[in-house]
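The primary structure of each chain is shown beneath.
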Amino acid sequence: MDNELNISRHLSQEVFHLVGEVADSLQRECYVVGGYVRDIFLDRRSNDIDFVTVGSGIEVAKAVAARIGRKAHLSVFKTYGTAQVKTRQWELEFVGARRESYRRESRNPIVEDGTLHDDQCRRDFTINAMAISLNADRYGQLLDPFDGMGDLARRIIRTPLDPDITFSDDPLRMMRAIRFATQLDFDIFPDTMRAIERNARRIDIITRERIADELGKIMRSPRPSRGFTLLDESGLLPIIFPELAAMKGVDLSHRRAHKDNFRHTMQVLDNVAAASNNEWLRWAALLHDIGKPICKRWDEQQGWTFHNHNFVGERMIPKIFARMRLPMNEHMKYVKKLVGLHMRPIALVEDEVTDSAVRRLLFDAGDDIDDLMTLCKADITSKNQEKVTRFKENFDLVKQKLIDIEEKDRVRNFQPPVLGQEIMDTFGLRPSREVGEIKDVIKDAILDGHIPNDYAQAYALMMRRAAELGITPALRGQLCHTTMPSPLGQLTLGASEHGIVLVAWDNAQLTKIAERLGLQLSERTTPLLDHCHRQLDEYFAGERRSFSLPLHLFGTDFQMAAWAELQRIPYGQTVSYRQLAELVGHPRAYRAVAQACHANPVSIIVPCHRVIAADGKPGGYGGGLDRKLWLLQHEGQCDS
């Protein structure tokens, strides 16, 4: 009675009455079949409905689309004798009832028109071979010739006819049996399972794309390990996935054994599946130890070892994805990265956690760090529960360390302030080992905490390392200069190879500076000047509070000391001439301080406008009093 109520409730929907009325008007038998019928009794919702008609399914589909009107989209596939009607709510598939026969060398059947019973006989499993009539005289009647309802109750996957014939005719059905058993948490009927074992080699005639599609559905199941375990038990695994099958078994030496890596992988896979629906994270879990069979060695001191299995596994991923016709795109790169990195957090658990190691992990993992940590936590498995608990507690400490370092240093996905293109432009180089070496030196210095993630310090390190390599700047001996607009008028920017030399409201000083430094004037932009231009734009837009630029300042010792102190003034604060003189170490030399500020060659960057008189009045400024007042007001408005 419950089943009748279920059918009645589902078939009360308008779409079924409409299809039934169209079929009756054409004098055609019409049935709902396949997965939709099965899912009625499994209480699973679906918007995809398959219909079988005795006669042309395409003709019925056209009539249904005409009845629905403009809201329906009709697609006809004459080669396959099928048609699809799509609406905003439904996808309706129509096919004529048929019988099929197969040739040994192909899974493509020879198709002939047939009866409903013929069509049910060709179905893969009994639970998919049920049909419900939509014709008015039998509306809602269930036709279940192979006891699919009984198999649903018994929770088993069984073929309607001889399983050897079923699987030999279409070997993909072996994969589908395992996929349905995994998705529904059903058992495969013993005779059906034995037939899969006997016909396993027939899977070779199936395209890798179709196999990959079934593996994906297994992977997206609530407990994907069940599918891979059934693939193993059926004999299909070594045929379609030999690398995974190679992980099975335990070797014994000197009475010492290692754990079964296949079983361990299945546990890790289910742990990840319980924590995430991310299909590609699940693939990473399945493949995280794929390099172990290659790396397995016996060591007299350590016992069984799998050194570098993560790196070996990482190199295997592209070949596995290519052979299995899995996507060779960002999904493959993601899985490859996680397989290569999966030992890193575990190593942090076991060893002393340094800021440098955490920074490097954050940098290498980028936005995938959370997924990596999910995988690594899932990888903590042992029969020793005390050991698992201890590892997970240590693992939580590592996670907290990651959070703390990320908040402090912001190194996740960071780009070093000096990139390869700037290195090449600065030194006139083509892509080369030297460019990569300089780039790596900068990156490593930041990740190891030797310098902050700061352009000025990165630029200085670039120059030092290039000098050590005997590489000279392309514009050595030149004072390059350019101009830029600002809210206060045109600015002149000048730079030598060592840093910014000039930021002024006119270019009157250019010739004098060039002569004093022995440089040749060159009107052109450089990467360094581009950085200066960009940071000044950000400053005037209120998006920057301080500058990070290498400076090539020159002057007396007193001037240099005064300018150094000015660069330490926090954003938004001011200092008097007398206070600055005290900071320099000459309390009475406030007039010299004023002169130093007036002579400042890098206006704004070294903030002389922040120096005021003792009574709070603005005082002098090389760029003019109006500009000084504007800058002070601008910085006050920007200050939070």
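The structure we're discussing is the one just above.
Everything quoted here is computed from the prediction, not taken from an experiment. (Residues numbered from 1 in each chain as written. Predicted model: local features only at pLDDT ≥ 70, side-chain atom pairs only at ≥ 80, totals over all residues. Heavy atoms only, no water.)

Caption draft 1: Main features of the overall build of the protein chain. Along its length, the protein chain carries 31 helices and 21 strands. Seen through its C-alpha atoms, the protein chain measures out along the principal axes to roughly 110 × 75 × 45 Å. Relative to its full complement of 640 residues, the protein chain shows a buried share of 51%. For the protein chain, restricting intrachain contacts to residue pairs at least 6 apart in sequence, the fraction spanning at least 24 positions comes to 65%. For the protein chain, the accessible surface area stands at approximately 31,300 Å², while carbon and sulfur atoms represent 47% of it. Here the protein chain contributes 86 positive and 89 negative side-chain charges, whose respective centroids are spaced 2 Å apart. (Helix = DSSP H or I, 4+ residues; strand = E, 2+ residues; numbered from the N terminus. Buried < 20%, exposed > 50% of the residue type's maximum accessible area, 1.4 Å probe, protein only. Contact = heavy atoms within 4.5 Å. Areas by Shrake-Rupley, 256 points an atom, 1.4 Å probe, with all protein chains shown as cover. Lys, Arg positive; Asp, Glu negative; His and termini not counted. Charge placed at Lys NZ, Arg CZ, Asp CG, Glu CD.)

Caption draft 2: Focus on the side chain of Asn199. Along the chain, Asn199 turns up in helix α9 (residues 190-199). Accessibility expressed as a relative area gives 9% for Asn199, which makes it buried. When sequence neighbours within four positions are dropped, the list of residues in contact with Asn199 reads Asp164, Phe167, Ser168 and Met174.

Caption draft 3: Unusual backbone geometry, seen in detail. One non-glycine residue, Arg155, adopts positive backbone phi at about 60 degrees. Note on placement: Arg155 falls in the loop between α6 (148-154) and β10 (156-157). Even without glycine at this site, Asp185 takes up a positive phi of about 60 degrees.

Caption draft 4: Inspection of the sheet that holds strand β2 (residues 48-53) at higher detail. In spatial order, the strands read β3-β4-β5-β2-β1-β8-β9; together these seven strands make up an open sheet with mixed pairing. Each edge of the open sheet carries a strand with a single partner, namely β3 (73-77) and β9 (142-143). Relative to β2, helix α2 (residues 14-25) is tilted by about 20 degrees, and along the sheet it contacts β1 (30-33), β2 and β5 (91-96). Sheet strands in contact with helix α3 (residues 35-42) are β1, β2, β8 (131-133) and β9, and its direction is about 60 degrees off that of β1. (Pairing = 2+ DSSP bridges. Axes fitted to C-alpha atoms, helices over the stretch in contact; angles between N-to-C directions.)

Caption draft 5: Spatial organisation of the packing of aromatic side chains. Using the criterion set out here, one finds twelve aromatic pairs in the structure. Here Phe16 and Tyr36 contribute two aromatic rings whose centre-to-centre distance is 5.6 Å and whose plane-to-plane angle is 50 degrees, an arrangement assigned as tilted. One end of the pair, Phe16, is in helix α2; the other, Tyr36, is in helix α3, with 20 residues separating them in the sequence. Each member of the pair, Phe16 together with Tyr36, is buried. Both rings, one in Phe540 and one in Trp630, keep their centres 6.1 Å apart while their planes meet at 55 degrees; by these two values the pair is tilted. Taken together, the residues Phe540 in helix α27 (residues 527-540) and Trp630 in helix α31 (residues 625-638) connect sequence positions 90 residues apart. Assessed through its relative accessible area of 11%, Phe540 is described here as buried. Through pairs of rings, three or more aromatic residues link up here, namely Phe16, Tyr36, Phe51, Trp90 and Phe94. Geometry around Phe180 places Arg179 over its ring, the cationic atom sitting 4.4 Å from the centre. (Phe/Tyr/Trp six-rings, centres within 6.5 Å; stacked < 30°, edge-to-face > 60°. Lys NZ or Arg CZ within 6 Å of the ring centre and 35° of its normal.)

Caption draft 6: Highlighting the pattern of salt bridges. For the structure shown, the criterion picks out 38 salt bridges. The shortest N-O distance in the salt bridge between Asp185 and Arg223 comes to 3.8 Å. Residue Asp185 is located in the loop between α8 (172-184) and β11 (187-188), and its partner Arg223 is located in the loop between α10 (208-219) and α11 (225-234); the two are separated by 38 residues in the primary sequence. Judged by its relative accessible area of 42%, Arg223 is partly exposed. (Salt bridge = Lys/Arg side-chain N within 4 Å of Asp/Glu carboxyl O.)

Caption draft 7: Layout of the sheet that holds strand β19 (residues 520-523). Taken in spatial order, the four strands line up as β18-β17-β16-β19 in an open sheet, and their pairing is mixed. Lying at the two open borders of the sheet, with one neighbouring strand each, are β18 (499-504) and β19. Ignoring strand direction, the axes of neighbouring strands in this sheet form an average angle of 25 degrees. The strands touched by α27 within the sheet are β16 (478-484), β17 (491-496) and β18, with β17 carrying the most contacts at an inclination of about 145 degrees.

Caption draft 8: Representation of the pairing of strand β4 (residues 82-86). The element β4 is largely enclosed, with a buried count of four among its five residues. Sheet topology places β3 next to β4; five bridges connect them, and they run antiparallel. Across the sheet, residue His73 finds its bridge partner in β4, namely Lys86. Hairpin connection between β3 and β4: a loop of four residues separates the two successive antiparallel strands, and Gly81 in this loop has a positive phi of roughly 70 degrees. For β4 and β5, the ladder comprises five bridges, and the chain directions are antiparallel. The residue of β5 that forms the bridge with Gln84 is Glu93. Counted along the chain from β4 to the antiparallel partner β5, the turn is four residues long.

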